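# Descriptive analysis of the structure
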Amino acid sequence: MIGWVLQGGVILSAAVIFIGLFLELLQPNKFAPQKLQMFPQTFGQVWAGLLILRPQAVITLGLLLLIATPVARVAVSIVAFAVERDWRFVVITTVVLLILLFSIFYVGGVVVVGQHQRFQHGEYSWIYPALIFLAAIAAGLLGSLVGLGGGVLIVPLLTLVFGFPIYFAIGASIISVIATSSGAAAAYVKDRITNLRLGMFLELGTTIGAICGAFLAGLLAPELLSVIFGIILLISAAPLVFKIGEELPQGVKNDRWANWLHLNGSYPDHHLHREVSYEVTRTPLGLAMMYVAGLISGLLGIGSGTFKVLALDVVMRLPMKVSTTTSNFMIGVTAAASAGIYFSRGDIPPLIAAPVALGVLIGALVGARVLERLSNKILRITFLTVIVVAALEMVLRGAGIA
């Protein structure tokens, strides 16, 4: 049920975005530079634009449908747990849904619209969204493999290569996180690799952290945060070096929380050609780390999948495939918790976010098929490489070095 909801949301949002881009191509002044700063920034403006089929309003509707997909997934999860008579998770999932709705409709509603200074982008044509689309495919492919949202690639791409302001890059990155999560999670859930219960429980921490982070983003210096996060990533990645050859964790036993919430599980490993069972440990510490991951996501718009995977793999001792797929499952909800705030601030320009969303969706779907055949060792090596590159990039960016 959850897999079908994710897949349906992805298909519907992609179709609406594509229709909006097609309508934009029919305009006489298509992809004009001034359109980058003239787009719907409230639900009322979107509705008014839809009534006259304004292309950017149609694209924005598609982006809002994409943001709504992880929210709908949480709502359907309540029904799924109720059918299984798992009342503990009915309560947990209901709390997550209420946090999401509070963030999108209340917190997002009180944010000041259009608070950024206008910027000059003298040239913009169809080649820009085309190149962004191709780069987003690579970001979605990598993000779905190692549990990231693609933001570590999208943000530097849009700022350093295309010259867009950082707030536009972060807004588009939030969309890429949701697209990666929804596209890949639809496949991972159906393949029974994702730990749904663990993901739903840990989303309590990530959603609250994301709201706090989105609020703090307007108060703290992003350069300093970028340096701090990069250094934390490098330090956190150190334990992975000593586990580089580990295929499956050994000697892991459920803690009291994992037993009470039934967080242990199993998944079919196509590389090992057998069903792999696993247990979960240090659940409270994992929940605390998810709050920090959500905080980072809201602050920097990067999904913080690296931090989530580290918590799941190193702290809670899950198999790497379960860590990356469960991280993918969660990052969409984490991003949706802060997406309403970024939308209301005017940080999600349709002509930038649309090619990012479509490209990331395609890359994520391809990556989901590739992951099934990879070993946990190869995934860990890939993830460690991405962590080091991402951490160095964030430190350099925060220090003002392009």
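Everything numeric in this text was worked out from a predicted model, so none of it was measured.

### As for the overall build of the chain
Each helix and strand counted, the chain has 15 helices and two strands in total. For the chain, the proportion of its 402 residues judged to be buried stands at 60%. In the chain, the proportion of contacts linking residues at least 24 apart, taken out of those at least 6 apart, comes to 83%. Total accessible area on the chain is roughly 15700 Å²; 70% of this is exposed by carbon and sulfur atoms.

### Looking at unusual backbone geometry
At arginine 85, a position not held by glycine, the phi torsion is positive, near 60 degrees. If you trace the backbone, arginine 85 turns up in the loop between helix H3 (55–83) and helix H4 (87–107).

### Focus: a nonpolar patch on the surface
Residues Phe43, Leu98, Leu101 and Phe105 make up a contiguous nonpolar surface patch of about 420 Å² in total accessible area. Residue position: phenylalanine 105 is located in helix H4. A relative accessible area of 58% places phenylalanine 105 in the exposed class.

### Some words on helix H14 (residues 350–371)
Over its 22 residues, H14 runs 31 Å from end to end, which matches the ideal 32 Å to within 8%, given 1.5 Å per residue. Burial of H14 is extensive: 17 of the 22 residues sit out of reach of the surface.

### Structural notes on the confidence of the model for the chain
Of all residues in the chain, 87% have pLDDT values of 70 or greater, and the mean over the chain is 81. Averaged pLDDT values over the elements of the chain bottom out at 70 in helix H9 (residues 222–242) and peak at 92 in helix H10 (residues 256–261).

### Side note on the packing of helix H8 (residues 196–216) against helix H13 (residues 320–344)
Running from N to C, H8 and H13 cross one another at 30 degrees; their axes reach a closest spacing of 8 Å. The angle between H8 and H13 falls in the class roughly parallel. Taken as a pair, H8 and H13 cross one another with a handedness that is right-handed. The segment H8 lies against H13, with Leu196, Gly199, Met200, Leu202, Glu203, Thr206, Thr207, Ala210, Ile211 and Ala214 engaging Thr326, Phe329, Met330, Val333, Thr334, Ala337, Ser338, Ile341 and Tyr342. Among the residues forming the contact of H8 with H13, the class breakdown is twelve nonpolar, six polar and one charged.

### A closer look at the pairing of strand E2 (residues 274–278)
Direction of pairing for strand E1 (residues 265–269) relative to E2: antiparallel, over a ladder of five bridges. Counterpart to aspartate 269 in the pairing with E2 is arginine 274. What sits between E1 and E2 in their antiparallel hairpin is a turn of four residues, with histidine 273 showing a positive phi close to 60 degrees.

### Points about the side chain of arginine 73
You can see arginine 73 is positioned in helix H3. Of the polar contacts made by the side chain of arginine 73, one reaches the side chain of glutamate 203; its length is 2.9 Å. Not counting residues within four places of it along the chain, the set of residues in contact with arginine 73 comprises Ile2, Val5, Leu6, Met200, Glu203, Phe329 and Val333.

### Some words on the pattern of salt bridges
Counted under the stated rule, the structure contains five salt bridges. Connected through shared salt-bridge partners, Glu84, Asp86 and Arg197 make up one network.

### Notes on helix H15 (residues 376–398)
For H15, which comprises 23 residues, the first-to-last C-alpha distance of 32 Å matches the rise-based estimate of 33 Å (1.5 Å per residue) to within 8%. Among the residues of H15, Asn376, Leu379, Arg380, Phe383, Leu384, Val386, Ile387, Ala390, Ala391, Glu393, Met394 and Gly398 are the ones counted as buried. Just past H15, the residue glycine 400 takes up positive phi, approximately 85 degrees.

### Brief notes about the environment of isoleucine 362
Within the secondary structure, isoleucine 362 sits in helix H14. For isoleucine 362, a relative accessible area of 39% puts it in the partly exposed group. Along the backbone, isoleucine 362 and alanine 136 are 226 residues apart, and their C-alpha atoms lie at a distance of 8.7 Å. Residue contacts for isoleucine 362: discarding those within four places in its chain leaves Phe133 and Ile137.

### Looking at the packing of aromatic side chains
On inspection of all chains with the given rule, the structure shows seven aromatic pairs. On the basis of an interplanar angle of 65 degrees and a centroid distance of 6.2 Å, the ring pair of phenylalanine 39 and phenylalanine 168 is categorised as edge-to-face. Taken together, the residues phenylalanine 39 in the loop between helix H1 (2–25) and helix H2 (43–51) and phenylalanine 168 in helix H7 (residues 166–190) connect sequence positions 129 residues apart. Classification of phenylalanine 39 by relative accessible area gives buried; the value is 9%. Ring centres of phenylalanine 162 and phenylalanine 164 lie 6.3 Å apart, and the angle between their planes is 20 degrees; on these two criteria the pair is classed as stacked. For phenylalanine 162, a relative accessible area of 10% puts it in the buried group. A relative accessible area of 3% means that phenylalanine 164 is categorised as buried. Three or more aromatic residues joined by ring pairs form one cluster here, namely Tyr128, Phe162 and Phe164. Above the ring of phenylalanine 329, the side-chain terminus of arginine 73 is found at 3.6 Å from the ring centroid. The lysine or arginine in question, arginine 197, covers the ring of phenylalanine 89, its NZ or CZ lying 5.8 Å from the ring centre.

### Focus: the environment of glycine 9
Examined against the element boundaries, glycine 9 turns out to sit in helix H1. Accessibility expressed as a relative area gives 15% for glycine 9, which makes it buried. Spatially, the C-alpha atoms of glycine 9 and alanine 186 are 9.8 Å apart, while their sequence positions differ by 177 residues.

Parameters and conventions
- Residues numbered from 1 in each chain as written.
- Predicted model: local features only at pLDDT ≥ 70, side-chain atom pairs only at ≥ 80, totals over all residues.
- Heavy atoms only, no water.
- Helix = DSSP H or I, 4+ residues; strand = E, 2+ residues; numbered from the N terminus.
- Buried < 20%, exposed > 50% of the residue type's maximum accessible area, 1.4 Å probe, protein only.
- Contact = heavy atoms within 4.5 Å.
- Areas by Shrake-Rupley, 256 points an atom, 1.4 Å probe, with all protein chains shown as cover.
- Patch = residues over 30% accessible without salt bridge, like charges linked within 9 Å, V, L, I, M, F, W, Y side chains within 5 Å.
- Salt bridge = Lys/Arg side-chain N within 4 Å of Asp/Glu carboxyl O.
- Expected span 1.5 Å × (residues − 1).
- pLDDT = per-residue confidence, 0-100.
- Axes fitted to C-alpha atoms, helices over the stretch in contact; angles between N-to-C directions.
- Parallel < 35°, antiparallel > 145°, perpendicular 65-115°, else oblique.
- Left-handed = near helix turned anticlockwise from the far one by under 90°.
- Nonpolar A, V, L, I, M, F, W, Y, C, P; charged D, E, K, R; others polar.
- Pairing = 2+ DSSP bridges.
- Polar contact = N/O pair within 3.5 Å; in protein donor to acceptor, adjacent residues only side chain to side chain.
- Phe/Tyr/Trp six-rings, centres within 6.5 Å; stacked < 30°, edge-to-face > 60°.
- Lys NZ or Arg CZ within 6 Å of the ring centre and 35° of its normal.

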